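Spelled out from the first residue to the last, the chains are:
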Amino acid sequence: SDFTGFRSLAGAAGATVKTIPTVMINLQNRASTQNVSASDFETQAVDFLEAWGQEYRMEMEVTEFECPPCEASSLRPLEQSLAKYRNASAGIAELDRLTTNFVQDATPTLKLLRKAGLEDAATLATWVSSAGSALQPLLDSWEHFNQAVAVTSRCAMGGLLASVILGLASLVMLRGEAA
């Protein structure tokens, strides 16, 4: 029975000798590529979860040593973070899709409105110009009427002034005879 225990210990030591360098090399490789860019987060997280949750766990099981980084509770925060990242990325992608669809859907309408707006503005300018042309003869006749009224008013004022002067002159003469 001592021999069996020694064989298990020798197996564990052999597996450890084989496993530890592989784990260390993979950790160093991951450390050198860590945070290369924000877009690599998902790839790195999935790689890390697969490495520690599957590969290293299986390699460490034969050693009969505990592997805290391999446990589900240790990997859970990364899984949750990965899920939040995917949800946020999906939300941003959906927002981008909706914005693109809105712009694509609104473009024909905006072009139509721009064209119709320019046509309406041109029509309005033409209408104002034609209305001005139609009013020009009225303004010309009004100007003649206005000039006639001005001449008549001046004549009436001149007649009134002459009447006042003649009235004053007659009063002066009547007083001169009475004195």
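Everything numeric in this text was worked out from a predicted model, so none of it was measured.

Looking only at helices and strands, one finds three helices and zero strands in the chain. Across the 179 residues of the chain, 10% fall into the buried class. When the accessible surface of the chain is totalled, it reaches about 14100 Å², and 66% of it is carbon and sulfur.

The nonpolar side chains of soluble globular proteins are, as a tendency, buried together. A45, L49, A51, W52, Y56, C67, C70, L75 and L82 together form the largest nonpolar core, which totals nine residues. At the level of secondary structure, the elements contributing two or more residues to this core comprise α2 (41-61) and α3 (72-178). When residues in this core are grouped by element, the largest group, five residues, is from α2.

This next bit is on the environment of A83. Along the polypeptide, A83 turns up in helix α3. Linking A83 and E42, residues 41 residues apart in sequence, is a C-alpha distance of 9.4 Å.

By the definition in use, this model includes two aromatic pairs. Ring geometry for W142 versus F145: centroids 5.5 Å apart, planes at 40°, classification tilted. Of the two residues, W142 and F145 are both situated in helix α3; the distance of three residues between them amounts to about one turn of the helix.

This brings us to the environment of C70. Relative to the helices and strands, C70 resides in the loop between α2 and α3. Distance in space between the C-alpha atoms of C70 and A51 is 8.6 Å, their sequence separation being 19 residues. Not counting residues up to four positions away in its chain, the partners in contact with C70 are W52, G53, Y56, R57 and L75.

A few words on the confidence of the model for the chain. For the chain, the mean per-residue pLDDT works out to 76, and 76% of the residues sit at or above 70. Summarising per-element confidence for the chain, the mean pLDDT is lowest in helix α1 (residues 2-33) (59) and highest in α3 (83). Of the regions scoring below 50 in pLDDT, residues 1-6 engages in zero contacts with residues more than four places distant in sequence or in other chains.

With that out of the way, let us pick up the pattern of salt bridges. All told, the structure shown has two salt bridges when counted by the stated rule. Residue R86 pairs with E42 through a salt bridge whose shortest N-O separation is 2.7 Å. With R86 in helix α3 and E42 in helix α2, this residue pair connects regions lying 44 residues apart in the sequence. R86 sits in the partly exposed class, given a relative accessible area of 39%. Accessibility expressed as a relative area gives 30% for E42, which makes it partly exposed. When the shortest N-O distance is used, the salt bridge between E94 and R97 registers 2.5 Å. On the criterion of helical spacing, the pair formed by E94 and R97 is a turn pair, its members being three residues apart in helix α3.

Criteria and cut-off values
Numbers given to residues run from 1 along each chain, matching the order in which its sequence is written. Where local features are concerned, this predicted model is filtered to residues with pLDDT of at least 70; where side-chain atom pairs are given and counted, the filter is 80 or more; whole-chain, interface and lining totals use all residues. Note that the side-chain values use all heavy atoms of the structure and ignore hydrogens as well as water. The way it works is that DSSP assigns letters per residue, a run of H or I at least four long becomes a helix, a run of E at least two long becomes a strand, and they are numbered from the N terminus. Residue exposure (1.4 Å probe, protein chains only): buried if accessible area is under 20% of the type maximum, exposed if over 50%, otherwise partly exposed. Note that accessible areas follow from Shrake-Rupley with a 1.4 Å probe, and for residues the cover is restricted to the protein chains shown. Here, nonpolar core means buried Ala, Val, Leu, Ile, Met, Phe, Trp, Tyr and Cys residues that are tied together by side-chain atoms lying within 4.5 Å of each other. Paired rings are identified among Phe, Tyr and Trp, the last through its six-membered ring, by centres lying within 6.5 Å, and are further divided according to the angle between planes into stacked (under 30 degrees), edge-to-face (over 60) and tilted (the rest). Any pair of residues with heavy atoms lying within 4.5 Å of one another is described as a contacting pair. Think of pLDDT as the predictor's per-residue confidence, scored from 0 to 100. Salt bridge criterion: a side-chain nitrogen from Lys or Arg within 4 Å of a carboxyl oxygen from Asp or Glu.

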